[in-house]
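Listed below, chain by chain, are the residues.
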Amino acid sequence: MELRGFAKYDDYVLLKTTKGRLKLEPFGDSVVRIVYTQEESFSDKKSLIVLPEAKSTANWRIDEYSDYLELATDRLKIRISKKSCAFSYYDSDGRLLVKEPESGGKYLSEIDVYKYVYDKEHEITSFQSVDGLRTDVTGAERIKDRTAYHTKLMFEWSEGEALYGLGSHEEGIMNLRGSHQYLYQQNMKAVVPMLLSTRGYGILLDTYSLAIFRDDIYGSYLWTDTDDEMDYYFIYGPGFDDIIGSYRKLTGKAPMFPKWAYGYIQSKERYTSQEELISTVREFRNRRIPMDLIVLDWKSWPENLWGQKSFDPERFPDPERMMEQIHQLNARLMISIWPNMAEGGANHKEMLDKGFLLGNKSTYDAFNEKARELYWKQAYEGLFSKGIDAWWCDCTEPFEADWKGENKPEPEERLLINTEEAKKYLDPEYINAYSLLHSKGIYEGQRKSGTEKRVVNLTRSSYAGQHRYATITWSGDIAAGWDTLKKQIPAGLNFTVTGEPYWTLDIGAFFVAKKDFAWFWNGNYNDGCNDLGYRELFVRWFQYGAFLPIFRAHGTDTPREPWRFGEEGTPFYDTLIKFINLRYRLLPYIYSLAGMVTHENYTMLRALAFDFIQDEKTYDIKDQYMFGPAFLVNPVTEPMYYECNSKELSGIKKSRMVYLPAGCSWHDFWTNEVYEGGKIIEADAPIDIMPLFVKSGSILPMGPFVQHSGEKKDAPIELRIYRGACGSFVLYEDEGDNYNYETGAYTKIKIEWDDANGILTIHEREGSYPGILQKRMFNLVLVSPNKGKGLECEENPDAVVEYNGERVEISFNQ
């Protein structure tokens, strides 16, 4: 298409072309929204992703040259070819970031959009699948609803450029170059249409449709199935944290979770009664194993009333007393709730009577505000009012249809099976947004309920902007095997790099055994936790899980409590307890990272390109990552001791290769040995060790040994100082629950290390909150070969500081 003219308005530029109109709208110095339509006017639909208040003022201008136009902000330039309207994107210094093909990069193809009409009596069949209640409707009429467009946005990516993002997917791809990805919601897909580049930019598609990313033999582009127009945001960084900061400005802040959410979460499929829940929590306390949250999976409802948001009175006879006992044990309860409901329950009848169910007469319409309000009302009356602490919104891709059969369908077949099923009940333009709206209803309902509890919502699907509704996304019902563990690491990293900060998984995998009738029930361990091979896999998965934003074991086929894997004095059990204790010792560090996520748009689960973008060797590393600014985490993803069926292995090295990124030195967390960056080393990895390295200049706050996150709040904090570079850390604290932090009820203590002069400065405390600890002891440890190693508290700190909120400077003789 050729440029025919342009016009500058107060806050955007309008381009008139031979094939429609383009609008370039600066949303700030680093963000430009670009919209392309072939209609007479641009759509006025409200975005579900980008907030109305996201736009900020920017200095910008439009200049005309002989061959192109150039829109320039203070940080970004976009050149538009007059001949083809191809866009080229530059930073303010004129460095090319990315460009579209010279022939042009934007295409709209008109399509017919169909819908199904459910205004008659249709045959409705309900059945129990492995993944819960399913309801199918036959005989609905399919009619044309309107016209819309396929959109296609093409790029010429650079040699050596790495791309990340698009959400959590099962294939185990890290750098997306040379690959493709299908973006639709499915049990093991959590979609976020956000792409980041190591050349310093991001692309956010404002679409809710099926989408496809390609960088393969078919081309390099982003394609969407059903949209009124092409609508995307080009975001300049150059750092990944900068890009995500702009993404969160567009889509909203990530709220704080309660402090207990960062402790250990015990779950399985499933605890069947009030008595079993309480006895399990008591067993943790009796064994002195730290734990904060226990999870009640599906079927808490009365028999045969799938999705009813109330307790079965036979198995849970006194919910209020149950919650009182759990809370007295200093634990909390998360409960599974579903968007679909079986006929015969009070919740279903109320939804049906008000016309709030979709065409299958089972799933509530999360796109309807009144339906969301009713869903919350039911959840509040039946569950939250009894004392429930957290939600598990399962099956938030409610029309998944490929979770059946002996043989796994081909990828393209799965795409069609699932998206066509979703289109039977949802507008094709919105099939990826159900989880976003469902999460919105839970968050807004709880916030309006008057409770001081922070919202916690574990959900299987995600979408751009969903983080603002206090969600944690997990990777779905994966199967137990070493290859799966290996693939989960890049799945999580590509999720959090999109700007959605909280991701987790089923430690040990959901399916452990293998059952021939279902392609997905494909674990390798029919004997479950009695198989020494599975015990080894579980322990390695557990070590990895301890260094995720949310630390949670869950699954079917076999129990998941630590004592199912041995007893005290046996290696598997002892290692599980060791890493739970390490998680709790690191809570001051982790909760401070959570404060950074909320207040500074930080990301705690970090692909190496976040911090080492200048080191191209990191771009394709898929089994290492940073956990906050200090830890380089290196999960073990190969068996060393046992195969499945408890078959003992021999001759296997108890180590793994680790690349230490260039630009700093690294301290082995377990031995304190120091290595220079920019090289590969062989790191010891016996069963009780996952290789961990701490970046030089790190200041690591560690708490005491505790049984839960609320214990020993006044205990000293051990500050480990990893010398070799200057560094700083900000210790964040608040009340641990409620939303007072939104009005400033929190503190920050900046701690700085001057490596050249050996001086540690603890700056004046900023802020306050009710119940603040006015005086705190800091045990300062200069990490050395024999001091500040691994898990244990250092008994002989180099200095002890009684801190009362005023600036303190400590000089060490080195």
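Residues numbered from 1 in each chain as written. Predicted model: local features only at pLDDT ≥ 70, side-chain atom pairs only at ≥ 80, totals over all residues. Heavy atoms only, no water.

Take the overall build of the protein chain next. A count of helical and extended segments in the protein chain gives 11 helices and 45 strands. In terms of overall dimensions, the protein chain is globule-like: its C-alpha atoms have a radius of gyration of 27 Å, near the 28 Å expected for 814 residues. By residue count, 65% of the 814 residues in the protein chain fall in the buried class. For the protein chain, the proportion of contacts with a sequence separation of at least 24, taken over those separated by at least 6, is 70%. Carbon and sulfur atoms form 44% of the exposed surface of the protein chain, whose accessible area is close to 29,600 Å². In the protein chain, which carries 97 positive and 124 negative side-chain charges, the distance between the mean positions of the two groups comes to 1 Å. (Helix = DSSP H or I, 4+ residues; strand = E, 2+ residues; numbered from the N terminus. Rg over C-alpha atoms; globule rule 2.2 N^0.38 Å. Buried < 20%, exposed > 50% of the residue type's maximum accessible area, 1.4 Å probe, protein only. Contact = heavy atoms within 4.5 Å. Areas by Shrake-Rupley, 256 points an atom, 1.4 Å probe, with all protein chains shown as cover. Lys, Arg positive; Asp, Glu negative; His and termini not counted. Charge placed at Lys NZ, Arg CZ, Asp CG, Glu CD.)

Structurally, P701 is set in strand β37 (residues 699-702). Given a relative accessible area of 1%, P701 falls into the buried group. With 20 residues separating them in the primary sequence, P701 and I721 have C-alpha atoms 9.0 Å apart. Those residues in contact with P701, other than ones at most four positions away along the chain, are R585, P588, Y589, I717, E718, L719, F729 and L731.

As enumerated under the stated definition, the model contains 63 salt bridges in all. The salt bridge involving R315 is made with D312; its shortest N-O contact spans 3.0 Å. Taking the relative accessible area as the measure of exposure, D312 reaches 8% and is therefore buried. Measuring nitrogen to oxygen at the nearest pair gives 3.3 Å for the salt bridge that ties D798 to K787. Residue D798 is located in the loop between β43 (776-782) and β44 (799-803), and its partner K787 is located in the loop between β43 and β44; the two are separated by 11 residues in the primary sequence. (Salt bridge = Lys/Arg side-chain N within 4 Å of Asp/Glu carboxyl O.)

Ranked by size, the top nonpolar core spans 253 residues in total, and within it F547 and F631 carry the most contacts. In this structure, F547 is in contact with F579, L582, R583, L586, L605, Y625, F627, F631, V633, M690 and L692, ignoring residues within four places of it in sequence. Counting residues in each nonpolar core, the second largest holds 14 residues, with F612, L632, W666 and A683 among its members. (Core = buried A, V, L, I, M, F, W, Y, C linked by side-chain atoms within 4.5 Å.)

Let us now look at the side chain of H122. Among the secondary structure elements, H122 is positioned in the loop between β10 (106-117) and β11 (123-129). A polar atom in the side chain of H122 sits 3.4 Å from the backbone oxygen of G139. Ignoring sequence-local partners within four residues, the contact set of H122 consists of V117, V137, T138, G139 and A140. (Polar contact = N/O pair within 3.5 Å; in protein donor to acceptor, adjacent residues only side chain to side chain.)

With five bridges joining them, strand β5 (residues 60-64) and strand β6 (residues 68-73) adopt antiparallel strand pairing. Bridge pairing links I62 to L71 in β6. Taken together, β5 and the strand that follows it, β6, pair antiparallel across an intervening segment of three residues. (Pairing = 2+ DSSP bridges.)

Attention now moves to unusual backbone geometry. The step from G237 to P238 runs through a cis peptide bond, and the omega angle for that step is 10 degrees. Along the chain, the position of P238 falls in the loop between β20 (230-236) and α1 (240-251). Residue C85 is not a glycine yet carries a positive backbone phi of 65 degrees. Topologically, C85 is positioned in the loop between β7 (76-81) and β8 (87-91). The class for C85 is buried, based on a relative accessible area of 1%. In this model, D557 sits at a positive phi of 75 degrees, which is unusual for a non-glycine residue. Residue position: D557 is located in the loop between β28 (551-553) and α10 (571-585).

What follows covers the packing of aromatic side chains. Applying the stated rule across the entire model yields 69 aromatic pairs. A connected cluster of aromatic rings, assembled from ring pairs, spans Y264, F284, Y525, Y534, F538, F542, F551, W563 and F565. Lying across the ring of W60, K8 places its NZ or CZ 4.4 Å from the centre. (Phe/Tyr/Trp six-rings, centres within 6.5 Å; stacked < 30°, edge-to-face > 60°. Lys NZ or Arg CZ within 6 Å of the ring centre and 35° of its normal.)

Turning our attention to the confidence of the model for the protein chain. For the protein chain, the mean per-residue pLDDT works out to 97, and 100% of the residues sit at or above 70. Of all secondary-structure elements in the protein chain, the lowest mean pLDDT belongs to β11, at 87, while strand β31 (residues 631-633) reaches the highest, 99. (pLDDT = per-residue confidence, 0-100.)

Let us look at the sheet that holds β44. Pairing between the strands of a sheet is mediated by backbone hydrogen bonds and can be parallel or antiparallel. Read from one edge of the open sheet, four strands run β37-β38-β43-β44, paired in mixed fashion. Each end of this open sheet is capped by a strand with a single partner; those strands are β37 and β44. This sheet shows a mean twist of 25 degrees between the axes of neighbouring strands, independent of strand direction. Strand direction decides the pairing type here: strand β38 (residues 717-721) and β43, joined by five bridges, are parallel. The partner of I717 across the bridge, within β43, is F778. (Axes fitted to C-alpha atoms, helices over the stretch in contact; angles between N-to-C directions.)

Judged by pairing direction, the sheet is antiparallel, and its five strands sit side by side in the order β10-β13-β19-β18-β15 without closing on themselves. Two strands in the sheet have a free side with no partner beyond their single neighbour: β10 and β15 (180-183). The sheet shows a mean angle of 15 degrees between the axes of neighbouring strands, direction not considered. Sheet topology places β10 next to strand β13 (residues 141-154); 12 bridges connect them, and they run antiparallel. Paired with V117 across the two strands is E141, which belongs to β13. Together, β10, β15, β18 (211-216) and β19 (219-227) form the strand contacts of helix α6 (residues 411-423), whose direction differs from that of β15 by roughly 20 degrees.

Turning our eyes to something else, we now look at the packing of helix α4 (residues 346-353) against helix α5 (residues 369-382). With their axes 11 Å apart at the nearest point, α4 and α5 run at an angle of 160 degrees to one another. Taken together, the axes of α4 and α5 are roughly antiparallel relative to one another. The crossing of α4 and α5 is right-handed. Facing α4, whose interface residues are N347, E350 and M351, α5 presents A371, L374, Y375, K377 and Q378. Across the contact of α4 with α5, the residue classes break down as four nonpolar, two polar and two charged. (Parallel < 35°, antiparallel > 145°, perpendicular 65-115°, else oblique. Left-handed = near helix turned anticlockwise from the far one by under 90°. Nonpolar A, V, L, I, M, F, W, Y, C, P; charged D, E, K, R; others polar.)

Inspection of the secondary structure puts K486 in helix α8 (residues 482-496). For K486, a relative accessible area of 29% puts it in the partly exposed group. K486 sits 55 residues away from W541 along the chain, and the two C-alpha atoms are 9.5 Å apart. The contact partners of K486, leaving out residues within four places of it in the chain, are T637 and E638.

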